[in-house]
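A look at the structure
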Amino acid sequence: MGVRSGESWAQLITSFRAGPVAFLSSGDSDDAFLAELLQDLSSERISEQTKVSMLTLLLEFPTQLCPEPEVGERVAISLLTNFAQLPHSPKLSWLRRHLLLVIGTVLISTEAFGESSRASHDYLSLLLHLASDLNDQRQGLGDRGVRAAACESLRELECCYPGLLSRRLDSLRSMQQQELTPVHQGYTLLYSLALRNAVLLLAHRGEGTLGELLAGNEGLAWEAIENAGAVSPASIDCLLLLPTPTETKELKSVLSQLLDDSYLLAPSAQSQLLWHLAQVVCVVRTQSPVIFKAQLMRLFGTAHVALLHASLQLKGLFTDSLFTAEDEAFLLRRLVGMAQHPSLPSPVKLFYLDCLLHFPENRPLGSGSEEGLPVLLTPRLASCLFPSLFNDPSTMLARLNLLSLVCLENQGPEAERGIGYIFEHILALASTVVGKGGHEATGLFFRTAYLFARYFGSRVQLMAELTGTLVGLYRQRCSLAPNLINLLNETQVVLDDPAWPMALSKALQELIVGVPLLPPWERELGLHLKLLARMAKESGVPQGSTVGFLQRLVRLAGARRLGDWHIGQALLTICRNLMQHQPPLAVGCQLVELLQDVSLSYPDVDVQDRARFYYTLLACLSHDKLGAVLAPGGCLKARTLSSSIMADSENFTAALTVHPAPQCLLQLKRETLSLPMLAPASAPPRLFCLLLRFERSDNFYEPVPDICVPCLSAARPPPLLTLHLQPLCPYPTKLAVSALYTTQAGLTYWSQLEPLQVTFPDIFLPLALPMAWDPESRRHLFDTLWSSLCPEGVGDCAESLFCWPTSQQPLGVLVQTHFASYLVAEESGIYKIAIVLPPRYHVLLQAQEIQGAARIAIRTDNWKVLPHLSAYLREVAGVVE
Amino acid sequence: MNNTNEFLLLYCRRYPTVEKRAKAFNGASYVTVPEDSAFLKALLFELRLTESDKSFVEYRDSCSRINKTSVYALTTGGGDLWPVLAFQKSGLIYVCLPLVEQSLKPHPPLISISGISQAFALLSGLLLFINSSQKNEAEMSAKICQLPGLLMQACPLGTPLDTNLNGLLDNTHVPTNHTQKQPVWRVSTYKGKPQVNVCVTEKVKSMQYDKRDVADMWQVYGTVTCKCDLEGATSNVTVSLNLPANGSPLQDILVHPCVTSLDSAILTSCSVDVMDDSAFSGPYKLPFNPPSDLFNLCYYTSQVPVPPILGFYQLKEEELQLKLTVTLKLHESVKNAFEYCEARIPFFNRGPVTHLEYKVSYGQLDVFRDKSLLVWVIGQKFPKSLEISLTGTVTFGSMSKEQPVDPICTGSTAYVKLYFRIPDYTLTGCYADQHSVQVFTSGKPKISTSRELISSDYYIWNSKASAPAVYRTLFF
């Protein structure tokens, strides 16, 4: 195996990252790529920079590259050797840092790390050795980055295997104390994590003392690998340690020193340190949390999100043992101030708003995980958080939610005024929905309406006004139907009293049944019917007017003024919901009549059939049985139906639904004469009422009508279908094909087929010439046409020339194979070919062979077809670019 | 991330050891992080950024699915991926999936997840780095190329160590010969004359309605930026911010993490409280260990008694034309020396301006017909009377696609927006001078200080039509 070039590796790395699984499965074997990677990593001909990018693959995708622990071990050993061979040059420091981090990642991720693994032992001793070079004394400045990487690798090991370094706390601390360069952060994080883990494990197991722990200077605790899940920081509430006063004093001096120097760390690291130490103090009950007091003022004033979060976590952990009531009020006021601070980025402000609703109070009333308002968050404090139309959607929702809670939990004129403002704000949002607000404004308005209904659903007057607003919006924009249905569904779930959704349903129903049925109704009618179908489920909403509306529709259908399948189905869905959800006496008679009308007069046969089926059900079944039959997804009890007409079927609702097909059974194959042939693709069942739908990918063609196949069976040869295409522009296209069919089991399926390609030659037609014409007339016609398509003439005429060497096949053969039916005349080696391109375009070709090259002169009255023609000629002539 | 209309992945970094820990915390309910393309698809779907899919999708668009934070749940093949933190800025999306060290079922509150604020810090650092002094695509791609190296230092194994990526750019180490620990961020290699630069920038926002039932709002907020070029690894600097006798106290002060200690008096004043005459009014002493790059030493807000410019805007639709009157008054206490000052009067949801008749008492009026915008250039000074006015009538052509639209400014709802900058002036009076900067280092440093006031979202609404209120008080 040769060494790849840097560029070649860069390409490999890019394609690996784009899809590691696909990349590895496309190669010869998983190992081959890994082996090459390792080999080239130790090659001297590859630059350090390339090696670093190669290592990132192992750093980010170790489990994909090393699926087994054994492979991980092998890789780690190879990389360790690699590391050992690199000289201590500052130039190589970057590569050595990467190597250290990669070895650890591979060992941990592949689960190769363990006491029995040689690589693990070697790696750990290497890390400890590197870390012991304090203040750059041995290797100098150049190796400082490598030391930092060693500390970080040790920290990650301790993090993944808590307790691994728990017997070496004393030596870790001494390193932490002695290091003065900025790498001290790495030592501090390592020590504080090891300390936290050791204390938690000690409290968990109860073996040993805190004093022994802090003075520990032994080997590694390999057993930590087996017990990795023993202690979780989430369970510290139930852990405690009660060390002796001497031990507590020792611990206190450790903690004070760490805290005193904490301000020297980067904020993210500081917040980790504080969190580790807070957990230690939480478990060691003899140590007072007051030790953190000196840090608090600095934390309260910080602009850094991780540090402020650390102070909130301290608050949650220690409550009143660290924070006085005054501190609490102060922190809360600061938090409210920060939640609207103009200098902070919006995501951070949203985080603080969220923290307000989970504020760790000294004396919490509610449970921790639910949203709740802190007692101290008064209307006065919260009034600065009023939403405005200029807020981004999340901010607006967060503020509205918080303000609603404030108004809900407080009483008096302030709260009333607050509710009024909130409502005004929602109305203002509604007007942006009508304006040019788009999807975002729509989504936002419905969410605020939902929140308002959830919190203030019992306020009759405001809710009535909201209903009016919603109805007004629907009147202007029917496309809001799905949003309204969703709002009805969701508010019904959260409100104890469904009065409001009911009232909204009634108001919308009233609006819809009153709309004049004038064209163009197709677009809006579907949406109206969708809403009515939803309202038909409300047993509290009188449905007489809905049925009346449907009757008007059916009359129009009877008069052939509408009658689309979709409208019919939507109409029947309403009928179905009425049958299922409404008491029989309410709409029974009217509905029976309506269904009968549909079954007799609706223009679509499928709709008629389904209406007849419903009619039969309604006429023959009692209401209870009807409900059971129509319940969604409900399994029918065979016994209740044993005497009914439908007893032999298992589940009618399943039969009434269109299911997505689990696999594609069908395939369209082309016959030679460009006719598609339908054939089942796999184990062929018998399929009935197969409806093929074609969807255009562009507007080059007229819509393609559906094709119906009554029965498709494997026993019979596949049927030949003729597809009539009417081009509007003579270009190739692609048709998406879907099939709707019923199986022998009576279920209806929908399935997507392979798209149908309409190629350029598919639309070729020959010139319509009288059979009796002699060659001379034909030639004359062609020449006349040829000169009439001269580009100097009118409009879109164009001329082009296509040449290629005829080494592959002689021109005559090519013309006979591909253009025989379009050949108009042949004259002294010149083939004159005329092709008609529907709807009204022409292509004329004069082909001749000159000195071993074919030369085709082209004229057309639509220059836009030239690229397609040229591609086609290139294809048939076998010209390779 | 963005390129024309399509989002492409610019850079991604995975941390397998963190994923391993996440698996341990969640067992069977762990959701695998999908491959890049699948992740991007799920993210764009959740953020509704895909062009093709704008229709109502219940599990994303349901009104009960209320996202009140920048933390999202992404629907992937293996389940819901949570908590995915995502920021959007200037056509880029910054995403991070932090580790949650507890079970995810049910979702714990964000405040209990340590990783969340770490993710915020990391993304904010990333955002600052990408957006600092980036002008063209070449610079942008150069920055993207620097990311792997920078993240290798900032967050080598998934635990953020230092999220100030700009500070990590200078990778040279300084030898230590000190007896005390150095701050982590102080890696300056500066050699030369010591100098300290302190700049106080105040911004003023305002919403003026000229109505009885809607309260006007104005708000001042400031940023103190600092650049310290000092030799040596440890040097302490103290900046004191001063207020004159009639100055407005600084509130909601937030300080940079390099500030070593804070007096509680500095923090007590808070904008959410009722104003208190006995409020602490400085000097605000901030001792710190300066980082080597430019940084924001502190942020504050303040409440000043009056807005610097009081405006009135009246717009009436008469037959086919609009009649407008704009009056602006500069408050007498404000320094009348602008770098620039202009009032922009946009017209939305209408056709282009076809005809304009106007009279200005001062300054000049420019018309941008295609943009339906009038710009009243006031210049460097208000006249002696401190009050200027504009009256005019505008006629519009028919509405076309190129004309600006706005969901709020429908009907006669309209605004005038002011843009101005006053150098060497702050509304609160806050300043730092030669004497208020102390540097504890060898050699006398050169100290330069400056201040400025800049308008930001300064709106004056048409008082003859409804206008969106931004400030509501529950108390009268």
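What you are looking at is a predicted structure, and each value in this text was computed from that prediction instead of being measured. (Residues numbered from 1 in each chain as written. Chains lettered and ligands numbered in written order. Predicted model: local features only at pLDDT ≥ 70, side-chain atom pairs only at ≥ 80, totals over all residues. Heavy atoms only, no water.)

**Side note on the overall build of chain B**
Note the threshold: A run of H or I in DSSP counts as a helix once it spans at least four residues, and a run of E counts as a strand once it spans at least two, with each numbered from the N terminus. In what follows, a contact means two residues having at least one pair of non-hydrogen atoms within 4.5 Å. Only the protein chains shown count as cover for residues, and the accessible areas themselves come from Shrake-Rupley with a 1.4 Å probe. The convention is simple: Lys and Arg are positive, Asp and Glu are negative, and His and the chain ends are not counted. The location of each charge is read from NZ of Lys, CZ of Arg, CG of Asp or CD of Glu.
Scanning chain B from N- to C-terminus turns up 7 helices and 21 strands. Each principal axis of the C-alpha atoms in chain B carries an extent, and together these give about 70 × 65 × 50 Å. A sequence separation of at least 24 residues applies to 73% of the contacts in chain B between residues at least 6 apart. Total accessible area on chain B is roughly 21,100 Å²; 52% of this is exposed by carbon and sulfur atoms. Charge separation in chain B, taken as the distance between the mean sites of 44 positive and 43 negative side-chain charges, equals 2 Å.

**Brief notes about the packing of aromatic side chains**
Formally: The pairing test for Phe, Tyr and Trp rings, Trp by its six-membered ring, is centres within 6.5 Å, and the orientation test on the planes gives stacked under 30 degrees, edge-to-face over 60, and tilted for anything in between. We call a residue buried when its accessible area falls under 20% of the maximum for its residue type, exposed when it is over 50%, and partly exposed in between, using a 1.4 Å probe and counting protein chains only. As a reminder, the over-ring test applies to NZ of lysine and CZ of arginine, requiring each to be within 6 Å of the ring centre and within 35 degrees of the ring normal.
On inspection of all chains with the given rule, the structure shows 40 aromatic pairs over all chains. On the basis of an interplanar angle of 70 degrees and a centroid distance of 5.7 Å, the ring pair of B:Phe288 and B:Phe295 is categorised as edge-to-face. You can call B:Phe295 buried: its relative accessible area is 5%. An aromatic cluster is present here, built from A:Trp9, A:Phe16, A:Phe23, A:Phe33 and A:Phe61 joined pairwise through their rings. In this arrangement the basic side chain of A:Arg693 is found over the ring face of A:Trp565, its NZ or CZ atom lying 5.7 Å from the centre. Residue placement shows B:Arg350 over the ring face of B:Phe396; its charged tip is 5.4 Å from the ring centre.

**A short note on the pattern of salt bridges**
All names here are of chain B. Our working definition: Note on definitions: salt bridges are taken to be side-chain nitrogens of Lys or Arg within 4 Å of carboxyl oxygens of Asp or Glu.
One pass over the structure, following the stated rule, counts 35 salt bridges over all chains. Across the pair Arg 48 and Asp 61 runs a salt bridge whose closest N-O atoms are separated by 2.8 Å. Placement of Arg 48 in the loop between helix 2 (36-46) and helix 3 (58-61) and of Asp 61 in helix 3 is noted, with a sequence separation of 13 residues between them. Take Arg 48: its relative accessible area is 21%, and that puts it in the partly exposed class. Note that Arg 421 and Glu 452 form a salt bridge whose closest N and O atoms lie 2.6 Å from each other. In this pair, Arg 421 sits in strand 19 (residues 415-423) while Glu 452 sits in strand 21 (residues 446-461), placing the two residues 31 residues apart along the sequence.

**Structural notes on the sheet that holds strand 8 (residues 236-241) of chain B**
All names here are of chain B. Threshold: DSSP calls a pair of strands paired once it identifies at least 2 bridges connecting them. Working convention: axes come from line fits to C-alpha atoms, limited for helices to the stretch in contact. Angles between N-to-C directions cover 0 to 180 degrees.
The antiparallel open sheet is built from 3 strands, whose spatial order is 10-8-20. Only two strands of the sheet have a single partner each, and these edge strands are strand 10 (284-288) and strand 20 (437-440). Here the strands of the sheet are splayed against their neighbours by 10 degrees on average, with no regard to which way each runs.

**Structural notes on unusual backbone geometry**
As a rule of thumb, non-glycine residues mostly have phi less than zero, and peptide bonds are mostly trans rather than cis. Cis geometry is adopted by the peptide bond preceding A:Pro839, which originates at A:Pro838 and carries an omega value of 5 degrees. For A:Pro839, the position within the fold is in the loop between strand 11 (830-837) and strand 12 (841-850). For the bond from B:Trp82 to B:Pro83, the omega torsion is -5 degrees, close enough to zero to count as cis. As for its position among the elements, B:Pro83 is in strand 4 (residues 79-89).

**Some words on the UniProt feature "domain: AP-5 complex subunit beta-1 N-terminal" (unreviewed entry) in chain A**
Here is the rule we go by: UniProt positions are given in the numbering used here, feature names are shortened, and annotations may be inferred rather than shown by experiment.
Here the UniProt-annotated "domain: AP-5 complex subunit beta-1 N-terminal" (unreviewed entry) positions come out as residues 35-107 of chain A. Counting secondary structure, residues 35-107 of chain A comes out at 77% helix and 0% strand; the distance between its end C-alpha atoms is 17 Å.

**Digging into the pairing of strand 3 (residues 71-76) of chain B**
Residues and elements named next belong to chain B. In terms of residue burial, strand 3 counts as a mostly covered element, since 5 of its 6 residues are buried. Two elements, strand 3 and strand 4, share 5 bridges in a ladder whose sense is antiparallel. What sits directly across from Val 71, in strand 4, is Leu 85. Between strand 3 and strand 4, which pair antiparallel in sequence order, lie 2 residues.

**Re the interface of chain B and chain A**
Spelled out, the test is: Buried area is calculated as the accessible area (1.4 Å probe) missing from two parts once they are joined, with the contributions of both summed. As used in this structure description, the phrase polar contact means that two N or O atoms lie within 3.5 Å; if the pair is within protein, one of them must be able to donate a hydrogen and the other to accept it, and residues adjacent in sequence are counted only when both atoms belong to side chains. Residues were grouped as follows: Ala, Val, Leu, Ile, Met, Phe, Trp, Tyr, Cys and Pro as nonpolar; Asp, Glu, Lys and Arg as charged; and all remaining residues, including Gly, as polar.
On the side of chain A, 117 residues touch chain B, which itself brings 100 residues to the contact. Around 9,600 Å² of area is buried between chain B and chain A when both sides are counted, 63% of it from carbon and sulfur atoms. Counting across the interface, chain B meets chain A through 2 salt bridges. Across the salt bridge formed by A:Glu156 and B:Arg21, the nearest N and O atoms sit 2.7 Å from each other. The tally of links from chain B across to chain A stands at 34 residue pairs in polar contact (both at pLDDT 80 or more). Here the side of chain B that touches chain A is composed, by residue class, of 50 nonpolar, 31 polar and 19 charged.

**Quick look at the nonpolar core**
How we decide: Only buried Ala, Val, Leu, Ile, Met, Phe, Trp, Tyr and Cys residues count toward a nonpolar core, and they belong to the same one when joined by side-chain atoms within 4.5 Å.
A:Leu58, A:Phe292, A:Phe549 and B:Leu241 are the most contacted members of the largest nonpolar core, which has 313 residues in total. No other element matches helix 11 (residues 184-205) of chain A, which puts 12 residues into this core. Core analysis: the next-biggest nonpolar cluster, separate from the first, contains 54 residues, A:Leu665, A:Val737, A:Phe760 and A:Trp804 among them.

**Some words on the confidence of the model for chain A**
What counts, and what does not: What pLDDT reports is the predictor's confidence in each residue, on a scale of 0 through 100.
Per-residue confidence for chain A gives a mean pLDDT of 87; residues scoring 70 or more make up 93%. Predicted confidence for residues 634-650 of chain A stays below pLDDT 50, and this span has 18 contacts to residues more than four positions away or in other chains.

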